[in-house]
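An overview of the molecular structure
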Amino acid sequence: MIVTLIVLCEVGFWVLLAAGLGLRYVARKPRLGAAVLLCEPLLEVVLLVVTAVDLKNGAEPDWKHGLAAVYIGFTVGLGHSTITWVDARVAHRFAGGPPPVKPPKYGMARAAHEWRTAGRWAVAAVTATALLQAAVWYVGADGDTGSLRMWQQKMLWVIGINLIIAVGYTVVPKREPKDRVGAGR
């Protein structure tokens, strides 16, 4: 049931996003569109409550409960930037908005972009780790929390990989190709 609910939450995220942006730009009802977009966090609240109830009713904690925590964490850390990214493209396509800003490709501007990205992923992973720890405490010492701890380790990997990428772009910034240097200036 938890996996089905996670899938439904993901589908619901995209349905609410499409409905909210459709109302905002196609139907020209920006306030109603914003209200629909603000309903998205309710999906995660439902998933959190159902997961907690499942554990309270004696379900053995397993990978599904961990996945629910990770899904919620990633929505917290990456949901807003995803909505902003899609919103910019829909505004450009349907409302005559400016073209979406592309991330920088070179130099320290790219490094700064990678640090922002790493920060979002870190927020996602830390949120997931905190929810997983809350589940470990909720289950207590008598329950088998190995699968939850395994997810926590994976979240540390997510943070580490993103930090390595950001550090890499900082220490060895990508340089603009020589044939492009000075072009267009």
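Quick caveat: nothing in here was measured; it's all calculated off a predicted structure. (Residues numbered from 1 in each chain as written. Predicted model: local features only at pLDDT ≥ 70, side-chain atom pairs only at ≥ 80, totals over all residues. Heavy atoms only, no water.)

**Here's the deal with the packing of aromatic side chains**
- Inspection of every chain in the model, using the stated rule, returns 2 aromatic pairs.
- The interplanar angle of 85° and the centroid separation of 5.2 Å between the aromatic rings of Phe74 and Trp121 together place this pair among those described as edge-to-face. In this pair, Phe74 is assigned in helix α4 (residues 63-95) and Trp121 in helix α5 (residues 107-139), connecting sequence segments 47 residues apart.
- Above the face of the Phe94 ring, Arg93 is positioned so that its terminal group lies 5.3 Å from the ring centre. (Phe/Tyr/Trp six-rings, centres within 6.5 Å; stacked < 30°, edge-to-face > 60°. Helix = DSSP H or I, 4+ residues; strand = E, 2+ residues; numbered from the N terminus. Lys NZ or Arg CZ within 6 Å of the ring centre and 35° of its normal.)

**Some words on the nonpolar core**
- Core analysis: the largest hydrophobic core is formed by 17 residues, its most contacted members being Ile6, Leu17, Leu21, Leu47 and Tyr71.
- Every element with two or more residues in this core is listed here: α1 (2-26) and α4.
- Here this core takes 8 residues from α1, the largest share from any one element.
- Among all residues touching Tyr71, those that are not within four sequence positions of it are Ile6, Cys9, Glu10, Phe13, Glu44 and Leu47.
- Formed by 16 residues, the second largest nonpolar core is a distinct cluster that contains Val70, Val136, Met155 and Val158. (Core = buried A, V, L, I, M, F, W, Y, C linked by side-chain atoms within 4.5 Å. Buried < 20%, exposed > 50% of the residue type's maximum accessible area, 1.4 Å probe, protein only. Contact = heavy atoms within 4.5 Å.)

**Thoughts on the pattern of salt bridges**
- If you walk through the whole model with that rule in mind, you get 3 salt bridges.
- Between Asp62 and Lys64 there is a salt bridge whose closest N-O contact spans 3.3 Å.
- On the basis of relative accessible area, Lys64 is assigned to the partly exposed category, the value being 28%.
- As a salt-bridge pair, Glu114 and Arg110 come within 2.8 Å of each other at their nearest N and O atoms. Pair noted here: Glu114 and Arg110 are both in helix α5, with a separation of 4 residues, about one helical turn.
- Overall, the relative accessible area of 18% leaves Arg110 in the buried class. (Salt bridge = Lys/Arg side-chain N within 4 Å of Asp/Glu carboxyl O.)

**Quick word on the packing of helix α3 (residues 40-56) against α4**
- Axis separation between α3 and α4 bottoms out at 10 Å; the angle between their running directions is 160°. In terms of orientation, α3 lies roughly antiparallel with respect to α4. The handedness of the crossing between α3 and α4 is left-handed. Judged by residue contacts, Glu40, Glu44, Leu47, Leu48, Thr51, Asp54 and Leu55 of α3 engage His65, Ala68, Tyr71, Ile72 and Thr75 from α4. (Axes fitted to C-alpha atoms, helices over the stretch in contact; angles between N-to-C directions. Parallel < 35°, antiparallel > 145°, perpendicular 65-115°, else oblique. Left-handed = near helix turned anticlockwise from the far one by under 90°.)

**Some details on a nonpolar patch on the surface**
- A cluster of nonpolar side chains, contributed by Trp115, Leu163, Val167, Val171 and Val172, occupies part of the molecular surface with about 460 Å² of accessible area.
- A per-element tally of the nonpolar patch places helix α6 (residues 146-171) first, with 3 residues.
- A relative accessible area of 62% means that Val171 is categorised as exposed. (Patch = residues over 30% accessible without salt bridge, like charges linked within 9 Å, V, L, I, M, F, W, Y side chains within 5 Å. Areas by Shrake-Rupley, 256 points an atom, 1.4 Å probe, with all protein chains shown as cover.)

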